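These are the residues of each chain, in order.
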Amino acid sequence: MIEILALSYFIKQIKKIAEEKGIKPGKWIAILVGSWFGSEILIFIIAFAFFDVSRDQILIVMLPALLVAAGVAYFILNKVKALPSESITDQAIDS
């Protein structure tokens, strides 16, 4: 449940920022969702392969996986914030 809430929060933030800058948010939302689940899967693979975590201890792995996924989402959100506005680049091309 926390994962869904956090993911929807980051999606809403990216959509809002992208629309303010005149950028299509779909690409960045897809990158966010793919990176979120990709990083979680990577953490699970690392935990099961290298740290000998059993299936009974999966809840122990969930917290670091969620924290890494949230960190990746925060990084992507900052990338979107750092993008230039489309209206500025259009004006520079027209000049």
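In this text the structure is predicted, and so the values were computed from the model without any measurement. (Residues numbered from 1 in each chain as written. Predicted model: local features only at pLDDT ≥ 70, side-chain atom pairs only at ≥ 80, totals over all residues. Heavy atoms only, no water.)

### A word on helix α3 (residues 58-82)
An ideal rise of 1.5 Å per residue puts 36 Å on 25 residues; α3 measures up with 36 Å between its terminal C-alpha atoms. Of the positions making up α3, those classed as buried are Val61, Ala65, Ala69, Ala73, Ile76, Leu77 and Val80. Contact partners of the buried residues in α3: α1 (2-21) and α2 (25-50). (Helix = DSSP H or I, 4+ residues; strand = E, 2+ residues; numbered from the N terminus. Expected span 1.5 Å × (residues − 1). Buried < 20%, exposed > 50% of the residue type's maximum accessible area, 1.4 Å probe, protein only. Contact = heavy atoms within 4.5 Å.)

### Structural notes on the packing of α1 against α2
Across the interface, α1 lies against α2 with an axial gap of 9 Å and an inter-helix angle of 155°. On the basis of their axis angle, the class for α1 and α2 is roughly antiparallel. In this structure, α1 crosses over α2, and the sense of that crossing is right-handed. Along its contact with α1, which presents Glu3, Ala6, Leu7, Phe10, Ile11, Ile14, Lys15 and Ala18, the element α2 presents Pro25, Trp28, Ile29, Leu32, Val33, Trp36, Phe37 and Glu40. (Axes fitted to C-alpha atoms, helices over the stretch in contact; angles between N-to-C directions. Parallel < 35°, antiparallel > 145°, perpendicular 65-115°, else oblique. Left-handed = near helix turned anticlockwise from the far one by under 90°.)

### With respect to a nonpolar patch on the surface
Judged by side-chain polarity, Leu42, Ile46, Phe50 and Phe51 come together as a nonpolar surface patch covering roughly 460 Å² of accessible area. Within the secondary structure, Phe51 sits in the loop between α2 and α3. Phe51 gets classed as exposed once you look at its relative accessible area, which sits at 60%. (Patch = residues over 30% accessible without salt bridge, like charges linked within 9 Å, V, L, I, M, F, W, Y side chains within 5 Å. Areas by Shrake-Rupley, 256 points an atom, 1.4 Å probe, with all protein chains shown as cover. Salt bridge = Lys/Arg side-chain N within 4 Å of Asp/Glu carboxyl O.)

### A word on the nonpolar core
Phe10, Ile14, Trp28, Leu32 and Trp36 are the most contacted members of the largest nonpolar core, which totals 15 residues. The set of elements that each furnish at least two residues to this core consists of α1, α2 and α3. Among all residues touching Phe10, those that are not within four sequence positions of it are Leu32, Trp36, Ala70, Ala73, Tyr74 and Leu77. (Core = buried A, V, L, I, M, F, W, Y, C linked by side-chain atoms within 4.5 Å.)

### Details of the packing of aromatic side chains
Any pair of aromatic rings gets described here by the distance separating the centres and the angle formed by the planes. Counted according to the given criterion, the structure contains 3 aromatic pairs. Both rings, one in Tyr9 and one in Phe10, keep their centres 5.5 Å apart while their planes meet at 70°; by these two values the pair is edge-to-face. For Tyr9, a relative accessible area of 47% translates into the label partly exposed. Assessed through its relative accessible area of 10%, Phe10 is described here as buried. Measuring from ring centre to ring centre gives 6.4 Å for Phe10 and Trp36, while their planes differ by 50°; the resulting arrangement is tilted. (Phe/Tyr/Trp six-rings, centres within 6.5 Å; stacked < 30°, edge-to-face > 60°.)

### What about the confidence of the model for the protein chain?
On average, residues of the protein chain carry a pLDDT of 87, and 91% of them reach 70 or more. Element-level mean pLDDT values for the protein chain span from 56 in helix α4 (residues 86-94) up to 93 in α1. (pLDDT = per-residue confidence, 0-100.)

### Topic: the packing of α1 against α3
As a packed pair, α1 and α3 sit with axes 9 Å apart at the nearest point and diverge in direction by 5°. Taken together, the axes of α1 and α3 lie roughly parallel to each other. The segment α1 lies against α3, with Glu3, Phe10, Gln13, Ile14, Ile17, Ala18 and Lys21 engaging Leu66, Ala70, Ala73, Tyr74, Ile76, Leu77, Val80, Lys81 and Ala82. Of the residues contributing to the contact of α1 with α3, the split by class is 12 nonpolar, 1 polar and 3 charged. (Nonpolar A, V, L, I, M, F, W, Y, C, P; charged D, E, K, R; others polar.)

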